[in-house]
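Working through the structure, step by step
Below are the chains, spelled out letter by letter.
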Amino acid sequence: MSIVAVQLGQCGNQVGHEVFNTICGDVRGTHGLCSKKENEAYHDACTERFFSEAESGVPVARAVLVDMEPKVISQTLSIAARSGHWKYDDQSHFCQKQGSGNNWANGYSVHGPRNKEVIMNLVQKEVEKCDRLSGFFTIMSMAGGTGSGLGAFVTQCLRDAFPTSFILNHVIWPYGTGEVIVQNYNSVLTLSHLYQSSDALLVHENDVIHKICAQLMHIKQISFRDVNQVIAHQLGSVFQPAHTAEAGLHYSRNPLGDLMEALVPHPEFKMLGLRNIPQMPENSLAYSTFSWPGLLKHLRQMLIANAKMEEGIDWQVRPPCPGSSISSSHSTNKLLHFNTSIANLVILRGKDMHSVDLGSFRDPSLYTSWLNPQDAFNAWKTPRAFNKYEKSASLVSNSQFLLKPLDNVVGKAWNMFASKAYIHQYTKFGIEEEDFLDSFTTLEQVISSYTNL
Ligand SMILES: Nc1nc2c(ncn2[C@@H]2O[C@H](COP(=O)(O)OP(=O)(O)OP(=O)(O)O)[C@@H](O)[C@H]2O)c(=O)[nH]1
C-alpha cells in the first residue's frame with residue numbers, strides 16, 4: 001500500500017525533500033547486509049510505499065508540494081531532479097506569490113479556502129496513481145503561517161474527502177527561543193485543530209534535534225539541512241518496510257494502519273514521539289560495534305527517563321514498584337520524572353535481530369493501568385540494515401514525553417492572550433477570541449489526560 005506525502009510551507013517542503021532523499025539513498029545503498037531475496041522484497045515494498053514509476057525509469061515521489069511562496073518549492077524540485085535518483089512529479093505542486101506572514105489565520109482562513117480546489121485536485125491525482133492507498137503523511141511546522149494554518153485546513157479537507165484513509169501529521173515543534181513572535185499562538189491553533197481531524201501527530205522538536213546534531217553528530221555550524229537530515233533518518237527508520245508480528249515473513253502492507261493500531265488505542269491520546277539509537281557521524285560508523293542488549297538497555301532508559309538522545313540519560317529513574325499503592329507510586333513517578341506510556345513500538349533493523357530479547361519493554365509497570373500490557377507493546381523487525389547502520393533500533397512511543405513542552409507552549413500563549421497581544425492580527429482574518437478559547441480548552445484537556453496516566 002502507498003502513502004501520499006503532503007509537504008506544506010518552507011519547513012514541510014525542506015523536511016519532506018530530505019525524507020525522500022534518505023529513503024531513496026537507503027534502498028539504493030549496497031549496505032543492506034542481508035540476503036538478495038530480502039533486499040529485493042525490501043526494495044519493492046519501499047517503492048510501492050513512496051514512489052511511482054516514471055517513463056524515464058526515475059522513481060517519482062508520491063508527494064504533493066504546497067507553499068504560498070515559490071522559492072522553496074522551486075529549489076526543492078530542482079535539487080531532487082538533479083540527484084538523478086528520484087524526482088518529484090513536475091505537475092504535483094502548488095504555490096502562490098506571497099507567504100502567510102507567520103499568521104496562522106491567514107493560512108487557515110484565507111489561503112486555505114481560496115486554494116482548496118486546486119490543492120485537493122493535486123492530492124486526488126496523486127491518490128489515483130496508487131494501486132492501494134494506506135493514507136496521508138503531512139509534513140509541516142507549527143510556528144509559521146502556511147504549514148501550520150494551511151496545513152490544519154488541508155488536513156480537515158483530507159479527513160472529509162478520504163474518511164476511511166489514515167492521516168498522520170508530522171509536525172516540527174519550534175525552537176523554544178523562537179524566531180516567530182506569535183509562534184505559541186500558531187502552535188496552539190495548529191495542535192488543537194489537528195487533534196480534531198488527524199489520526200496521530202508525530203512530533204519532532206527543533207531544540208532536541210539541534211542538540212543531537214551538536215552532541216552526537218559533532219556538527220559545528222548547524223544548518224536546517226543538518227537538522228532535517230537527522231529528522232529524515234529517524235522517520236526513515238520507522239517508515240521503511242519492516243515485518244510486523246502478524247505479517248510474518250512478508251513486509252507490512254499497510255504501514256500507517258499498522259502504526260495506528262500499535263500506538264493509538266484511544267482518540268484522546270494521539271501524540272507520538274520518536275527516538276532512535278545509535279546515531280553518529282557516518283565516518284565513525286566503520287569503527288563502532290554495537291550489541292543489541294546494550295542498544296536496548298539505553299533505548300528503554302531513554303523511554304522511561306524521557307531522554308531524547310543516548311547522551312545524558314538519567315539512570316536513576318526507575319519504573320514504580322509493582323506492589324506500591326497508586327498514590328505513592330504516582331508521587332514517586334512525579335519525583336523521578338518517570339515517563340508513563342500508553343503504547344510503544346520498537347523497530348529493529350539489521351544483523352541478528354531475531355535473537356533480541358524485548359521482554360524489558362513488555363514490563364507492565366511502564367504502562368498506564370487501563371490498557372493490557374500485551375496490547376501496549378509491539379515490535380517490528382527486519383534483517384535489512386538501515387542507512388548504513390549495521391544495527392539500529394527505533395522507538396515510537398505514545399507517552400507523556402510531550403507534556404512539558406506542551407504545557408510551556410500553552411502557558412506562554414495564554415499569557416500573551418491574557419494581555420490581548422497580537423489578537424487583532426488574527427481577528428482581521430476571521431479567527432475570533434472564541435476560537436482561541438476553544439483551542440486552549442482542547443489542549444488543556446489533552447494535557448490533563450496525559451498527566452493522569
Ligand atoms: N526543522 C526545520 N525547521 C524549520 C525549517 N524551516 C523552518 N523551520 C521552522 O519552521 C518555523 C517557521 O515556519 P515555516 O515553515 O518557515 O513557515 P511557513 O509554513 O512557510 O509559513 P509562512 O512563512 O508564514 O508562509 C520555525 O519554527 C522554524 O524554526 C526546516 O527546514 N527544518
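Residues numbered from 1 in each chain as written. Predicted model: local features only at pLDDT ≥ 70, side-chain atom pairs only at ≥ 80, totals over all residues.

1. So, helix H8 (residues 224-239)
Given a rise of 1.5 Å per residue, 16 residues ought to cover 22 Å, and the 22 Å separating the end C-alpha atoms of H8 matches this to within 8%. Across the 16 residues of H8, 13 count as buried, placing the element largely inside the fold. (Helix = DSSP H or I, 4+ residues; strand = E, 2+ residues; numbered from the N terminus. Expected span 1.5 Å × (residues − 1). Buried ≥ 20, exposed ≤ 12 C-beta atoms within 10 Å, placed from the backbone.)

2. What about the domain arrangement of the chain?
In many reports, interface size means the accessible area that the parts give up when they come together. Looking at the chain, the domain boundaries give domain 1 (2-268), domain 2 (282-400) and domain 3 (404-451). Taken over C-alpha atoms, the centre of domain 1 sits 25 Å from the centre of domain 2. Every contact between the two is made by 30 residues of domain 1 and, on the other side, 28 residues of domain 2. With five residues, H8 is the single largest residue contributor to the side of domain 1 that touches domain 2. (Domains from an automatic or database assignment. Contact = placed C-beta atoms within 7 Å.)

3. Details of the nonpolar core
Formed by 123 residues in total, the largest nonpolar core has its most connected members in Val6, Leu263 and Leu272. Setting aside anything within four residues of it in sequence, one finds Leu272 in contact with Ala200, Leu201, Leu202, Val203, Leu263, Val396, Ser397 and Asn398. (Core = buried A, V, L, I, M, F, W, Y, C linked by C-beta atoms within 7 Å.)

4. A closer look at the site of the ligand
Within the structure, the ligand sits among 25 residues, and Gly9, Gly99, Gly144, Gly145 and Gly147 are positioned closest to it. For the shell around the ligand, the elements supplying multiple residues, two or more each, are helix H1 (9-28), helix H5 (146-161) and H8. Examining the composition of the shell around the ligand, we find that five residues originate from one element, H1, more than from any other. (Near = placed C-beta within 6 Å.)

5. Quick notes on the packing of helix H14 (residues 403-418) against helix H16 (residues 433-451)
Interhelical geometry of H14 versus H16 gives an angle of 150° and a closest axis separation of 11 Å. Overall, the two elements H14 and H16 adopt an arrangement that is roughly antiparallel. For the pair H14 and H16, the crossing hand works out as left-handed. Here H14 contributes Leu403, Leu406, Asp407, Val410, Trp414 and Phe417 to the contact with H16, which in turn contributes Phe436, Phe440, Leu443, Glu444, Ile447, Tyr450 and Thr451. Of the residues that constitute the contact of H14 with H16, the class distribution is ten nonpolar, one polar and two charged. (Axes fitted to C-alpha atoms, helices over the stretch in contact; angles between N-to-C directions. Parallel < 35°, antiparallel > 145°, perpendicular 65-115°, else oblique. Left-handed = near helix turned anticlockwise from the far one by under 90°. Nonpolar A, V, L, I, M, F, W, Y, C, P; charged D, E, K, R; others polar.)

6. Quick look at the packing of helix H6 (residues 183-197) against H14
Contact geometry of H6 with H14 gives a least axis separation of 8 Å together with a crossing angle of 115°. In the packing of H6 onto H14, the handedness of the crossing is left-handed. Contacts between H6 and H14 involve Asn184, Tyr185, Ser187 and Val188 from the first element and Val409, Val410, Lys412, Ala413 and Met416 from the second. Considered class by class, the residues forming the contact of H6 with H14 number six nonpolar, two polar and one charged.

7. As for the UniProt feature "domain: Tubulin/FtsZ GTPase" (unreviewed entry) in the chain
Look at the UniProt record and you will see "domain: Tubulin/FtsZ GTPase" (unreviewed entry) annotated at residues 47-246. The span residues 47-246 carries 50% helix and 18% strand; its end-to-end C-alpha distance comes to 22 Å. (UniProt positions renumbered as here; feature names shortened; annotations may be inferred.)

8. Some points on unusual backbone geometry
Following Ile277, the chain continues into Pro278 via a peptide bond in cis, with omega recorded as -5°. Although it is not a glycine, Asn102 adopts a positive phi angle of roughly 55°. Inspection of the secondary structure assignment puts Asn102 in the loop between strand S5 (93-95) and helix H4 (104-128). Even without glycine at this site, Asn387 takes up a positive phi of about 50°. A tally of 20 C-beta atoms within 10 Å means that Asn387 is categorised as buried.

9. Considering H16
The terminal C-alpha atoms of H16 lie 27 Å apart, and with 19 residues this matches the ideal 27 Å at 1.5 Å per residue to within 8%. Here H16 has its buried residues at Phe436, Ser439, Leu443, Val446 and Tyr450. The buried residues of H16 occupy an angular sector of 90° when projected down its axis, which confines them to one face. Projecting away from the buried face of H16 at angles above 90 degrees are the exposed residues Glu433, Glu434, Leu437, Thr441, Ser448 and Thr451. Residues of H16 that are buried sit in contact with H6 and H14. (Arc of directions from axis to C-beta.)

10. A word on the pairing of strand S9 (residues 271-277)
The two faces of a sheet get side chains in turn, since along a regular strand they alternate between them. Counting buried residues along S9, seven of its seven residues qualify, which places the element largely inside the surrounding structure. Burial of S9 is two-sided: the residues Met271, Gly273, Arg275 and Ile277 facing one way and the residues Leu272, Leu274 and Asn276 facing the other way are all buried. Note that strand S8 (residues 200-205) and S9 share two bridges and pair parallel. When the bridges of S9 are listed, Leu202 appears paired with Leu272. (Pairing = 2+ DSSP bridges.)

11. So, the confidence of the model for the chain
Close reading of the predicted structure is inappropriate where its pLDDT is low. Scored by pLDDT, the chain comes out at a mean of 92, with 96% of its residues at no less than 70. In the predicted complex, the global pTM is 0.95; the interface-specific ipTM is 0.99. (pLDDT = per-residue confidence, 0-100.)

12. Examining the sheet that holds strand S4 (residues 63-67)
Pairing in this open sheet of ten strands is mixed, and the strands run S5-S4-S1-S6-S7-S8-S9-S12-S10-S11 from one edge to the other. Two strands in the sheet have a free side with no partner beyond their single neighbour: S5 and strand S11 (377-382). Neighbour-to-neighbour, the strand axes of the sheet open up by a mean angle of 20°, direction not taken into account. One ladder, built from four bridges, connects strand S1 (residues 2-8) with S4; its direction is parallel. Looking across to S4, one finds that Ala5 is bridged to Ala63. The strands touched by H8 within the sheet are S8, S9, strand S10 (341-350) and strand S12 (391-399), with S12 carrying the most contacts at an inclination of about 90°.

13. A closer look at the pairing of S4
Taken across its five residues, S4 has five buried, putting it largely inside the fold. Here S4 shows a buried face lined by Ala63, Leu65 and Asp67 and a second buried face lined by Val64 and Val66. The sheet contact formed by S4 and S5 spans three bridges and is parallel. Residue pairing across strands places Val66 opposite Phe94, the latter belonging to S5.

14. Here we look at the environment of Met1
Examined against the element boundaries, Met1 turns out to sit in the segment before S1. Separated by 370 residues in the primary sequence, Met1 and Leu371 have C-alpha atoms spaced 29 Å apart. Leave out the neighbours within four places in its chain, and Met1 touches Arg132, Leu133, Ser134, Arg253, Asn254 and Pro255.

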